[in-house]
Amino acid sequence: MTLQQGLDAAAGRQAVDNVPDGAVPPDYPRVRDLGGGVLQIDTGHLGNPGTIAVFALPLPGGGFALVESGPGSTRAAVSAGLHEAGLEPRDLRCVLLTHIHLDHAAAAGAFLEGTDAKLVVHEAGAPHMIDPSRLMASALRVYGDALTKLWGTMLPVPAERVLAVAGGERLDVGGLSVRVIATPGHASHHVSYLLDDGTLFTGDSAGVRLGGADLLRPALPPPDLDLETWQGSIERMVAAAPERLVLTHFGQVDGRHAAAAHLRSTTERNREWSEAVLTGMNAGEDAAALVARVQRLEDAELAAAGVLPGIRLRYKITSDAAMTVAGLKRYFTRLHPERLTRA
Ligand SMILES: [Zn+2]
């Protein structure tokens, strides 16, 4: 999300769904039962429903777990969703984070307060959850005064409550068996979580696909985007043969066939967008021209896919073009200087 988009959204100026005659408007319940013991809670971030989800899993041993925590700024909305789902926030037993980007992780410390819950996070992300000061300082450089409004504050998590993972573990979360799959690429410390029924929580490792639309948008941010590493993650996820994917942005891709097709197309979509930016870099385009190039590409894709105007805006704020350009420029410069024909 760019600063201006964040401020516009915070001021309530986000586009409303402009639904053409005959089209079915999407509905955005705060709580949606995805079946199989997964409750999707919409953070409604900055008045934009259907962009950032948190998932509550009632546990066989009592209480519940969360997959993701959402931003600090939507904690109250998620708590309201938990109440609506018949869950008490103080009965939280565990928060499983896919990675520590603020839209996924910022509220974790606040949810853990007043509970005995544990936090599961990749070992490279754990130090930043225990002491978020460096993470918040770098976010402050990006978002400035809008930081608190956009993402809220991030409370430190006591070290003894943190279970650091690296991928490959099988966890017993209150009687629920959860397999951790290492899925770096979007971030070097990204993991995904697989339940025994084949439900795979993908965080951002399977890109962005919003409700009411059939378009997979790449999620390619700095600083540690790595497409080769990401491809290995896709192969691990395909090998796990998930029965459904559950995307933080936003909702489920149901069925073994659809899940496999979505994972394969994540690779393809990452390649298409990265090649577009590489072409611009090698044509000598500056950052503004590269952003314009990505915006043209996304506009053409959104139009071709027949995505409704209000949802088009949500795609853009969920994975912003400037962020995409910054991520890919850094990726090519750092990892593939041989592909750059201009120094
Ligand atoms: Zn995200």
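All values reported here derive from a predicted model rather than from experimental measurement.

Student: Help me get a handle on the sheet that holds strand β13 (residues 251-254), residues and values and all.
Tutor: Pairing between sheet strands relies on hydrogen bonds along the backbone, with the strands arranged either parallel or antiparallel. Taken together, the six strands give an open sheet; going across it, the order is β8-β9-β10-β11-β12-β13, and neighbouring strands pair in mixed fashion. Each having just a single partner strand, β8 (170-173) and β13 make up the two edges of the open sheet. For this sheet the average axis-to-axis angle between neighbouring strands, irrespective of direction, equals 25 degrees. Here two bridges tie strand β10 (residues 191-195) to strand β11 (residues 199-203), and the two strands are oriented antiparallel to one another.

Student: Pulling in residues and values, what's your account of helix α9 (residues 256-282)?
Tutor: Over its 27 residues, α9 extends 39 Å from the first C-alpha to the last, a length consistent with the 39 Å expected when each residue adds 1.5 Å. Just downstream of α9, Gly 284 is the residue with a positive phi angle, here 80 degrees.

Student: Give a description of the coordination of the zinc ion that names residues and reports values.
Tutor: For the zinc ion, the full set of protein donor atoms is Asp 103 (OD), His 104 (NE2), Asp 204 (OD) and His 249 (NE2), at a range of 2.1 to 2.4 Å. For the zinc ion, the four donor atoms in the first shell make angles of 85 to 161 degrees at the metal, so the coordination geometry reads as irregular. Of note, the donors binding the zinc ion are all from one chain and are spaced D-H-x99-D-x44-H. In this pair, Asp 103 sits in helix α3 (residues 102-105) while His 249 sits in the loop between β12 (244-247) and β13, placing the two residues 146 residues apart along the sequence.

Student: Got a sec to walk through the pairing of β11? Specific residues and values, please.
Tutor: Counting buried residues in β11 gives five out of five residues, a clear majority hidden from the surface. Going residue by residue along β11, you find Thr 199, Phe 201 and Gly 203 tucked away on one face and Leu 200 and Thr 202 tucked away on the opposite face as well. In textbook terms, the turn of a hairpin is the stretch between consecutive antiparallel strands, and for β10 and β11 this stretch comprises three residues, one of which, Gly 198, has a positive phi near 90 degrees. Across four bridges, the pairing between β11 and β12 is parallel. Bridge pairing in β12 places Gly 203 opposite Leu 247. Viewed along the sheet, the connection from β11 through helix α8 (residues 227-239) into β12 turns out right-handed.

Student: With reference to specific residues and values, describe the sheet that holds strand β4 (residues 64-67).
Tutor: The strand order across the open sheet formed by seven strands is β1-β2-β3-β4-β5-β6-β7, and the pairing between neighbours is mixed. Bordering the open sheet on either side are β1 (31-35) and β7 (162-165), each of which pairs with just one other strand. The sheet shows a mean angle of 20 degrees between the axes of neighbouring strands, direction not considered. Summarising the sheet, strand β6 (residues 118-122) and β7 pair through four bridges and their orientation is parallel. In the strand pairing of β7, Val 120 is matched with Leu 163. In the packing of helix α2 (residues 75-84) onto the sheet, the strands contacted are β1, β2 (38-42), β3 (53-58) and β4, and the crossing angle to β2 comes to about 140 degrees.

Student: Summarise the nonpolar core; cite the residues concerned and give the values.
Tutor: Note that soluble globular proteins tend to have their nonpolar side chains buried in a common cluster. Grouped together as the largest cluster of nonpolar side chains are 39 residues, with contacts concentrated most on Leu 66, Leu 82, Leu 102, Leu 119 and Met 129. The element contributing the most residues to this core is helix α6 (residues 133-143), with four residues. In this structure Leu 82 touches Ile 41, Ala 56, Phe 64, Leu 66, Leu 87, Pro 89 and Phe 111, once residues within four positions along its chain are discounted. Core analysis: the next-biggest nonpolar cluster, separate from the first, contains 33 residues, Phe 55, Val 165, Tyr 193 and Leu 210 among them.

Student: So what's going on with the packing of aromatic side chains? Residues and values would help.
Tutor: The relation between two aromatic rings is expressed through the spacing of the ring centres and the mutual angle of the planes. Scanning the model with the defined rule gives three aromatic pairs in all. A centroid spacing of 6.0 Å and a plane angle of 65 degrees characterise the contact between Tyr 143 and Trp 151, whose relative ring orientation is edge-to-face. We classify Tyr 143 as buried; its relative accessible area is 11%. On the accessibility criterion, Trp 151 (7% relative accessible area) is buried. When the centroid spacing of 4.9 Å and the interplanar angle of 55 degrees are considered together, the rings of Tyr 331 and Phe 332 count as tilted.

Student: Give me the pattern of salt bridges: which residues, what numbers.
Tutor: By the definition in use, this model includes 12 salt bridges. In this structure, the salt-bridge partner of Glu 84 is Arg 30, at a minimum N-O distance of 3.8 Å. With Glu 84 in helix α2 and Arg 30 in the loop between α1 (3-10) and β1, this pair connects stretches of sequence that are 54 residues apart. With relative accessibility at 52%, the residue Glu 84 sits in the exposed group.

Student: With reference to specific residues and values, describe the side chain of Asn 282.
Tutor: With respect to the element layout, Asn 282 can be found in helix α9. At 3.0 Å, the side chain of Asn 282 forms a polar contact with the backbone oxygen of Arg 339. In this structure, Asn 282 is in contact with Arg 339, Leu 340, Thr 341 and Arg 342, ignoring residues within four places of it in sequence.

Rules of the game
- Residues numbered from 1 in each chain as written.
- Predicted model: local features only at pLDDT ≥ 70, side-chain atom pairs only at ≥ 80, totals over all residues.
- Heavy atoms only, no water.
- Pairing = 2+ DSSP bridges.
- Helix = DSSP H or I, 4+ residues; strand = E, 2+ residues; numbered from the N terminus.
- Axes fitted to C-alpha atoms, helices over the stretch in contact; angles between N-to-C directions.
- Expected span 1.5 Å × (residues − 1).
- Donors = N, O, S within 2.8 Å, 3.2 Å for Na, K, Ca; no water.
- Tetrahedral: all angles 85-135°; square planar, octahedral: opposite > 155°, others 65-115°.
- Buried < 20%, exposed > 50% of the residue type's maximum accessible area, 1.4 Å probe, protein only.
- Right-handed = clockwise from strand over helix to strand, strands pointing away.
- Contact = heavy atoms within 4.5 Å.
- Core = buried A, V, L, I, M, F, W, Y, C linked by side-chain atoms within 4.5 Å.
- Phe/Tyr/Trp six-rings, centres within 6.5 Å; stacked < 30°, edge-to-face > 60°.
- Salt bridge = Lys/Arg side-chain N within 4 Å of Asp/Glu carboxyl O.
- Polar contact = N/O pair within 3.5 Å; in protein donor to acceptor, adjacent residues only side chain to side chain.

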